[in-house]
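Understanding the architecture of this molecule
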Amino acid sequence: MAVEKTLSIVKPDGVQNGHIGHVISVFEANGLTIRAAKLAWLTTAQAEGFYAEHKGRGFFGELIEFMTSGPVLLICLEGENAIAKNRELMGATDPAQASDGTIRKLYAESKGRNTVHGSDGGASAARELRYFFAEAFEFC
Ligand code: ADP
Ligand code: MG
């Protein structure tokens, strides 16, 4: 296993419902280190660019509206096997399918309002970290 970096986002529902602290403590308790973090209120253009791979899907408009509905916490995580570990801690996209104890099982309301984002592979992690942390890319 290799030390990797990945992007996590605490989505607007997670920030509004007061789950930032618990989400970060789950990461730290599982060997993931916070290398950089910032609170941001995404513009429509930023959210559309971030989720460009989903453009054209039926849920795209709803996704962009949700992701721009309030502040999000952008986090650069680092650790052994960080990309897969973060996905495991998050749980499945649909909270009804998520395993017990995962962040989405605990807090997600629906497939759309599902509390956290995590990069799904090495290429997306690199792209997503550069997208949001261009100014600090040497650290994260
Ligand atoms: P994940 O976030 O688990 O990687 P995807 O990359 O498939 O999932 O989708 C990105 C985000 O788009 C999801 O986290 C969710 O917020 C939203 N989304 C995906 N599928 C649906 C859907 N069927 N209905 C509403 N929102 C969806
Ligand atoms: Mg995804």
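The paragraphs below set out a description of the structure included in this document. All values derive from a computational prediction rather than experimental measurement.

1. Observations regarding the site of ligand 1
- Taken together, Lys11, Tyr51, His54, Phe59, Glu62, Leu63, Arg87, Thr93, Arg104, Lys111, Gly112 and Asn114 form the complete shell of residues around ligand 1.
- Thr93 is positioned with one of its side-chain polar atoms (N or O) 2.5 Å from an oxygen atom of ligand 1.
- Here an oxygen atom of ligand 1 sits 2.9 Å away from a polar atom, N or O, in the main chain of Gly112.
- Here the shell around ligand 1 is composed, by residue class, of three nonpolar, four polar and five charged.

2. Details of the pattern of salt bridges
- Under the counting rule described, the total for this entry stands at five salt bridges.
- We note a salt bridge from Lys5 to Glu78, for which the minimum N-O separation is 3.1 Å. Of the two residues, Lys5 sits in strand β1 (residues 3–10) while Glu78 sits in strand β3 (residues 72–80), which places them 73 residues apart along the sequence.
- A residue is classified by how much of its surface remains accessible, and Lys5, at 30% relative accessible area, is partly exposed.
- Put simply, Glu109 and Arg113 hold a salt bridge, and the shortest N to O gap is 2.8 Å.
- A single salt-bridge network, built from bridges that share partners, covers Lys5, Arg35 and Glu78.

3. Here we look at the environment of Cys76
- Of note, Cys76 is situated in strand β3.
- Under the relative-accessibility criterion, Cys76 is labelled buried at 0%.
- Note: C-alpha distance between Cys76 and Leu7 (69 residues apart in sequence) is 5.0 Å.
- Residues in contact with Cys76, not counting those within four places in the same chain, are Lys5, Thr6, Thr33, Ile34, Arg35, Ala36, Leu129, Phe133 and Cys140.

4. Describing helix α4 (residues 60–67)
- Those residues of α4 not exposed but buried are Phe60, Leu63, Ile64, Phe66 and Met67. Buried residues of α4 fall within an arc of 165 degrees about the axis and therefore sit on the same side. The exposed residues of α4 that point more than 90 degrees off its buried face are Glu62 and Glu65.
- Each element contacted by the buried residues of α4 is listed here: β1, α1 (12–16), α3 (44–50) and β3.

Criteria and cut-off values
- Residues numbered from 1 in each chain as written.
- Chains lettered and ligands numbered in written order.
- Predicted model: local features only at pLDDT ≥ 70, side-chain atom pairs only at ≥ 80, totals over all residues.
- Heavy atoms only, no water.
- Near = heavy atom within 4 Å.
- Polar contact = N/O pair within 3.5 Å; in protein donor to acceptor, adjacent residues only side chain to side chain.
- Nonpolar A, V, L, I, M, F, W, Y, C, P; charged D, E, K, R; others polar.
- Salt bridge = Lys/Arg side-chain N within 4 Å of Asp/Glu carboxyl O.
- Helix = DSSP H or I, 4+ residues; strand = E, 2+ residues; numbered from the N terminus.
- Buried < 20%, exposed > 50% of the residue type's maximum accessible area, 1.4 Å probe, protein only.
- Contact = heavy atoms within 4.5 Å.
- Arc of directions from axis to C-beta.

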